[in-house]
Amino acid sequence: MFKESRLRSATKAVSWRFWATVTTMVLVYVFTGTVKIALAVGCLEVVVKIVIYFIHERLWDRIRFGKKLIRPFVVWTTGLPGSGKTTLGNRVYEKLTKNGYRVERLDGDTVRALFPATGFSKEERNIHIERVGHLASILERNGIIVVASFISPYEEARDFVRRLCQNFIEIHVATPVEVCEKRDTKDLYGRARRGEIKNLTGYDDPYEIPNRPELTIDASQESVEKSANRVLRYIQSKRLLS
């Protein structure tokens with residue numbers, strides 16, 4: 001969010017009045033043929049209209065008419081690996097940015113790359129999600145909308161993030177595990193079956209289904225476009241977007 005400084009308002013006023021005053025002086029000279037009169041009228045005009053313009057701008061800053069209230073929020077998509085939570089998050093992010101909102105995208109893969117030493121035990125997963133939750137809440141408090149996509153398998157960690165954020169929207173992407181495995185482009189489920197990786201959520205590590213998500217979406221039953229539109233309609237119904 002930006003707030004125009006008084007210096008910027010004054011600079012804009014001077015810039016505009018310079019060219020407007022030059023035009024006025026030329027017109028006065030054309031009609032009177034006297035340079036002194038043209039300069040006097042121009043100087044008087046520039047002083048009076050700079051003051052009027054500055055006051056006009058500040059008065060309009062105080063008028064709420066036509067202003068759109070934007071309350072920042074955190075959209076948190078959670079679900080099994082391959083459920084489509086990242087794809088949905090990406091589409092919601094694209095739609096929000098296209099409409100001119102300031103949005104930050106947080107995703108499990110990219111954030112984990114910043115903390116490569118983070119493991120996959122329950123304690124380590126919860127610490128990781130709490131770390132991300134702190135970041136999301138800071139961004140939200142600074143007027144930035146956040147779209148986050150994380151498996152976040154444990155209810156206690158998700159509730160921790162919910163308590164940190166002012167407007168937390170939990171989206172459970174409840175795609176069945178059989179469908180997730182078929183859509184698994186990273187072959188995570190296959191590697192888990194072959195014993196190459198352990199602690200895979202949905203295979204040998206639990207996923208605690210959210211108790212009170214704002215929305216539940218089965219990505220196998222509807223397109224990502226339809227799902228993203230459902231998310232945006234919910235946000236608008238809460239009057240977070242105008």
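Calculation notes
Residues numbered from 1 in each chain as written. Predicted model: local features only at pLDDT ≥ 70, side-chain atom pairs only at ≥ 80, totals over all residues. Heavy atoms only, no water. Helix = DSSP H or I, 4+ residues; strand = E, 2+ residues; numbered from the N terminus. Rg over C-alpha atoms; globule rule 2.2 N^0.38 Å. Buried < 20%, exposed > 50% of the residue type's maximum accessible area, 1.4 Å probe, protein only. Contact = heavy atoms within 4.5 Å. Areas by Shrake-Rupley, 256 points an atom, 1.4 Å probe, with all protein chains shown as cover. Core = buried A, V, L, I, M, F, W, Y, C linked by side-chain atoms within 4.5 Å. Expected span 1.5 Å × (residues − 1). Arc of directions from axis to C-beta. Phe/Tyr/Trp six-rings, centres within 6.5 Å; stacked < 30°, edge-to-face > 60°.

1. What about the overall build of the protein chain?
Helices and strands together make up the secondary structure of the protein chain, namely nine helices and five strands. Traced from its N-terminal end to its C-terminal end, the protein chain shows the element sequence α-α-β-α-β-α-α-β-α-β-α-α-β-α. Against the compact-globule benchmark of 18 Å for 242 residues, the protein chain has a radius of gyration of 28 Å, which places it well outside the compact range. Across its three principal directions, the C-alpha atoms of the protein chain cover 95 × 35 × 30 Å. Among the 242 residues that make up the protein chain, the fraction classed as buried is 40%. Long-range pairs, those at least 24 residues apart, make up 76% of the contacts in the protein chain with a sequence separation of at least 6. When the accessible surface of the protein chain is summed, it comes to about 14500 Å², and 59% of that surface belongs to carbon and sulfur atoms.

2. So, the nonpolar core
With 21 residues, the main nonpolar core has Phe-73, Leu-96, Val-231 and Ile-235 as its most contacted residues. Residue assignment for this core shows that the elements contributing at least two residues are helix 3 (85-98), strand 3 (145-149), strand 4 (168-173), strand 5 (215-217) and helix 9 (224-237). The element best represented in this core is helix 9, accounting for five residues.

3. Let's talk about helix 3
The terminal C-alpha atoms of helix 3 lie 20 Å apart, and with 14 residues this matches the ideal 20 Å at 1.5 Å per residue to within 8%. Residues of helix 3 that are buried include every one of Lys-85, Leu-88, Gly-89, Val-92, Lys-95 and Leu-96, and no others. Looking straight down helix 3, one finds that the buried residues subtend no more than 130° of arc, so they occupy a single side. Looking at the packing, one finds that the buried side of helix 3 touches strand 1 (74-78), strand 2 (103-107), strand 3, strand 4, strand 5 and helix 9.

4. Observations concerning the packing of aromatic side chains
Applying the stated criterion across every chain, the model contains two aromatic pairs. Pairing Trp-76 with Phe-150 gives two aromatic rings, centres 5.3 Å apart and planes at 25°, and the pair type is stacked. With a gap of 74 residues between them, Trp-76 in strand 1 and Phe-150 in the loop between strand 3 and helix 6 (155-164) connect regions that are remote in the sequence. Phe-150 matches Trp-76 in its accessibility class, with the two residues each being buried.

Structural measurements only, silent on function.
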